[in-house]
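Report on the structure
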Amino acid sequence: MLLIMQNVSVAIRPFRSTDSAQVQTLLSDARVSRKAGNIPYPYAKNGAQTWITSHGPQHRSGTAIIRAIVCLKTKQCVGAISIDQISRGLNSSGNLGYWVGVPYWNKGFCEQAGELMLALAKKEYAMKRLVAAHRIDNPASGRVLEKLGFNELGPQPMTNLSGQYLFRYYEKWF
């Protein structure tokens, strides 16, 4: 399913195997890993293909919703947006995460993809709450979350793939 809103330049859709070369290229840039905090660097050879293959089982088990961020002008994958750590029940919740490749930074892709993902989470998955975090040295991600209506809960140390960093933590209730 391809989600598009009016007056936006992005869509979100499930990843395709044909996205793997582009994802591999984007994630092989150390700057993406440094900003995201949960992407290993160096990125493993064929890492994108392995990662994309893992989406189906996660989606089927209900543990994650993972979508490609696609530039409508070029029809090319520019990044990813996901909700993982999904809990079910009356107060269903999840953890929002996203990244875009360096050539697409500061162009509004994350905010627009975030609006689409929030609509998907609320309407199709009946989520009540989302949380998100960003590295303290990535204030652009914090601005995206604030534009999406997230409220900051405060900084806290969190462990990621590279060790322990100080992150800013946010939540949004629907």
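Right, let's walk through the structure included here. In this text, all values refer to a predicted model and were calculated from it rather than measured experimentally. (Residues numbered from 1 in each chain as written. Predicted model: local features only at pLDDT ≥ 70, side-chain atom pairs only at ≥ 80, totals over all residues. Heavy atoms only, no water.)

Overview of the overall build of the chain
- A count of helices and strands for the chain gives five helices and eight strands.
- At 15 Å, the chain has a C-alpha radius of gyration in line with the 16 Å of a compact globule built from 174 residues.
- Looking at the chain as a whole, 46% of its 174 residues are labelled buried.
- Counting contacts in the chain only where the partners sit at least 6 residues apart, residues at least 24 apart contribute 60% of the total.
- Measuring between centres, the 21 positive side-chain charges of the chain sit 5 Å from its 10 negative side-chain charges. (Helix = DSSP H or I, 4+ residues; strand = E, 2+ residues; numbered from the N terminus. Rg over C-alpha atoms; globule rule 2.2 N^0.38 Å. Buried < 20%, exposed > 50% of the residue type's maximum accessible area, 1.4 Å probe, protein only. Contact = heavy atoms within 4.5 Å. Lys, Arg positive; Asp, Glu negative; His and termini not counted. Charge placed at Lys NZ, Arg CZ, Asp CG, Glu CD.)

A word on the environment of Gly108
- Within the secondary structure layout, Gly108 lies in the loop between β5 (93-100) and α4 (109-123).
- Separated by 98 residues in sequence, Gly108 and Val10 place their C-alpha atoms 9.1 Å apart.

Considering the packing of helix α1 (residues 20-27) against helix α3 (residues 47-61)
- One way to put it is that α1 packs onto α3 with a least axis distance of 8 Å and a crossing angle of 120°. As far as their axial angle goes, α3 and α1 are oblique. Crossing of α1 against α3: the hand is right-handed. Across from Ser20, Val23 and Gln24 in α1, the residues of α3 making contact are Gly47, Ala48, Gln49, Trp51 and Ile52.
- Among the residues forming the contact of α1 with α3, the class breakdown is four nonpolar, four polar and no charged. (Axes fitted to C-alpha atoms, helices over the stretch in contact; angles between N-to-C directions. Parallel < 35°, antiparallel > 145°, perpendicular 65-115°, else oblique. Left-handed = near helix turned anticlockwise from the far one by under 90°. Nonpolar A, V, L, I, M, F, W, Y, C, P; charged D, E, K, R; others polar.)

Focus: helix α5 (residues 139-147)
- If you check which residues of α5 are buried, you get Ser141, Gly142, Val144 and Leu145. With its buried residues spanning 155° around the axis, α5 presents them on a single face.
- Once α5 finishes, Gly149 follows within two positions and takes phi at roughly 90°, a positive value. (Arc of directions from axis to C-beta.)

Comments concerning the nonpolar core
- Ranked by size, the top nonpolar core spans 46 residues in total, and within it Leu96 and Phe150 carry the most contacts.
- With eight residues, α4 is the single largest residue contributor to this core.
- Once residues lying within four places of it in the same chain are set aside, the contact partners of Phe150 are Leu96, Leu118, Leu130, Val131, Ala132, Leu145, Tyr170, Glu171 and Lys172. (Core = buried A, V, L, I, M, F, W, Y, C linked by side-chain atoms within 4.5 Å.)

Details of the packing of aromatic side chains
- Evaluation of the coordinates by the stated rule reveals two aromatic pairs.
- With a centroid separation of 5.0 Å and an interplanar angle of 70°, the aromatic rings of Phe15 and Trp51 are classed as edge-to-face. Residue Phe15 is found in the loop between β2 (10-13) and α1, and its partner Trp51 is found in helix α3; the two are separated by 36 residues along the sequence.
- Classification of Phe15 as buried rests on a relative accessible area of 11%.
- Of the residues examined, Trp51 reaches a relative accessible area of 24% and is grouped as partly exposed. (Phe/Tyr/Trp six-rings, centres within 6.5 Å; stacked < 30°, edge-to-face > 60°.)

None of this, on its own, says anything about what the molecule does.
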